[in-house]
Amino acid sequence: MTTEHTVVTRRDGRVGRILLNRPRALNALDLPMIRACAAILETWRDDPHVHAVVIEGAGDRAFCAGGDIRVLRDAQLSGDRAWVDQFFAVEYALNLTIATYPKPYIALIDGLCMGGGIGLSVHAPYRVATEHAAFAMPETAIGFFPDIGATFLLPRLPGELGTYLGLTGLRVSGADAVHAGFATHFTPRARLAELSADLARYGVSALATYNETLPAFSLADHRGAIDHSFSAGTVTEIVSRLEATPTEWARAAATALRQVSPSALHWTLRALRRGRELTLKQALDAEFALTRTTMAYPDFAEGVRAMVVEKDRKPAWRPARIEDVDPALIDALFAA
């Protein structure tokens, strides 16, 4: 057994196991964890005894709640951009490794799976969600944008689901994650440990045995409204369409958009539209460049302060309204 500070790896029968072992922090990723995952995947790449890789999160609260955004904010504010660049470079390289790994990579997702946790799972061919799984890309709520290849992934979800989820940051739970495209299999929590054990015995063929019938997609009745509203060319028009739709779902979506960073909504929509035409590698490279411009914008530090550091949930966005964001500012962020 090899033990890193917050990552435990071992060989078990036919599989190599990765356990994200930081449960008190919801298995949030720091740089040593990312490096440990990358190193063990490289070790197992040519190991004839490892037929597949299984990744899980410790505890029942989270698979992985994302990157350690507080540390990234501190580094950005202190001027240590080299460290920030290093974090994203190593993380995005790991995302690409997972997407192109030559052996089956299976993520068992129970509890929260957000941001960087999605990067550790959704680029893989096999993603198992339990009824307690909750997938989200809530980056607009901290003045950032969905990264880890999300600008490639989200535009490829059915219809405009990816735009809706990427802008609002709302969660998709359990079986809905399979309907939406975040997960490939649905297995109840009560059977997850048994599935994990059988993966070591039988490999990926065990997945079919534990894959249960999905209940109806909770967003099915809203798919038409989602596609209509979120296909608009600008954030302002998206909000206008939502506010003109007299349903509780539309009101909730509009309210969600009014609460997050207005500027982040604009640059996220631009990034998602651009991502439609990019490969995953191109999207990750474009996201890396966008981290440099968006993190220097005041909404990032303010959003992390309000939502993560002081947790007062009262960010002072600049500007405060979606309609007041200067399109020239967004153009400049992407030109840089």
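A brief look at the structure comes next. (Residues numbered from 1 in each chain as written. Predicted model: local features only at pLDDT ≥ 70, side-chain atom pairs only at ≥ 80, totals over all residues. Heavy atoms only, no water.)

### Describing the packing of helix H6 (residues 161-168) against helix H13 (residues 262-275)
Part 1 of the argument: Between H6 and H13, the least distance of the axes is 10 Å, while the angle of their chain directions is 150°. Taken as axis vectors, H6 and H13 run roughly antiparallel relative to one another. Note on packing geometry: the crossing formed by H6 with H13 is right-handed. Packed against H6, whose contacting residues are Gly-162, Thr-163, Gly-166 and Leu-167, the element H13 presents Leu-265, Thr-268, Leu-269, Leu-272 and Arg-273 at the interface. (Axes fitted to C-alpha atoms, helices over the stretch in contact; angles between N-to-C directions. Helix = DSSP H or I, 4+ residues; strand = E, 2+ residues; numbered from the N terminus. Parallel < 35°, antiparallel > 145°, perpendicular 65-115°, else oblique. Left-handed = near helix turned anticlockwise from the far one by under 90°. Contact = heavy atoms within 4.5 Å.)

### Considerations on the pairing of strand S8 (residues 126-129)
Part 1 of the argument: Sheet topology note: the strand S6 (residues 105-109)/S8 ladder contains four bridges and is parallel. Each bridged residue has a counterpart across the sheet, and for Leu-108 the counterpart in S8 is Val-128.
Part 2 of the argument: Sheet analysis places S8 next to strand S11 (residues 185-186), joined by two bridges and oriented parallel. Across the sheet, residue Val-128 finds its bridge partner in S11, namely His-185. (Pairing = 2+ DSSP bridges.)

### Observations regarding the nonpolar core
Part 1 of the argument: Formed by 93 residues in total, the largest nonpolar core has its most connected members in Ile-18, Leu-20, Phe-135 and Phe-182.
Part 2 of the argument: For this core, the element with the highest residue contribution is helix H1 (residues 31-45), accounting for eight residues.
Part 3 of the argument: Beyond its immediate chain neighbours, meaning those up to four positions away, Phe-182 contacts Ile-118, Val-122, Arg-127, Phe-135, Leu-153, Leu-154, Leu-157, Leu-165, Val-172 and Ala-177.
Part 4 of the argument: Of all hydrophobic cores here, the second largest spans 13 residues; its members include Ala-52, Leu-108, Val-128 and Leu-195. (Core = buried A, V, L, I, M, F, W, Y, C linked by side-chain atoms within 4.5 Å. Buried < 20%, exposed > 50% of the residue type's maximum accessible area, 1.4 Å probe, protein only.)

### Side note on the packing of aromatic side chains
Where two aromatic rings form a pair, the distance of their centres and the angle of their planes describe that pair.
Part 1 of the argument: Under the definition given, this model contains ten aromatic pairs.
Part 2 of the argument: Between the aromatic rings of Phe-88 and Phe-144, the centroid separation amounts to 6.0 Å while the plane-to-plane angle is 25°, which identifies the pairing as stacked. Of this pair, Phe-88 sits in helix H3 (residues 81-100) while Phe-144 sits in the loop between strand S9 (134-136) and helix H5 (150-153), placing them 56 residues apart in sequence. Residue Phe-88 shares its accessibility class with Phe-144, and that shared class is buried.
Part 3 of the argument: On the numbers, 5.4 Å between centres and 85° between planes, the contact of Trp-267 with Tyr-297 is edge-to-face. Taken as a pair, Trp-267 in helix H13 and Tyr-297 in the loop between helix H14 (280-294) and helix H15 (298-309) lie far apart in primary sequence, 30 residues in all. The exposure classification of Trp-267 matches that of Tyr-297, with both residues buried.
Part 4 of the argument: Through pairs of rings, three or more aromatic residues link up here, namely Trp-83, Phe-87, Phe-88, Tyr-92, Phe-144, Phe-145 and Phe-300.
Part 5 of the argument: Above the ring of Phe-334, the side-chain terminus of Arg-270 is found at 5.1 Å from the ring centroid. (Phe/Tyr/Trp six-rings, centres within 6.5 Å; stacked < 30°, edge-to-face > 60°. Lys NZ or Arg CZ within 6 Å of the ring centre and 35° of its normal.)

### Focus on the pairing of strand S4 (residues 52-57)
Part 1 of the argument: Summarising burial for S4: five of the six residues are buried, a large majority.
Part 2 of the argument: A crossover links strand S3 (residues 15-20) with its parallel partner S4, the connecting element being H1, and its sense is right-handed.
Part 3 of the argument: Where S4 lies against S6, three bridges are found, and the strand directions are parallel. Bridging from a neighbouring strand, Ile-55 pairs with Ala-107 of S6. (Right-handed = clockwise from strand over helix to strand, strands pointing away.)

### A short note on unusual backbone geometry
Part 1 of the argument: Residue Pro-319 is reached from Arg-318 by a cis peptide bond, and omega for that bond is 0°.
Part 2 of the argument: Its place among the elements puts Pro-319 in the loop between H15 and helix H16 (327-335).
Part 3 of the argument: Even without glycine at this site, Lys-311 takes up a positive phi of about 55°.
Part 4 of the argument: Looking at the element boundaries, Lys-311 is found in the loop between H15 and H16.
Part 5 of the argument: The exposure class of Lys-311 is exposed, given its relative accessible area of 52%.

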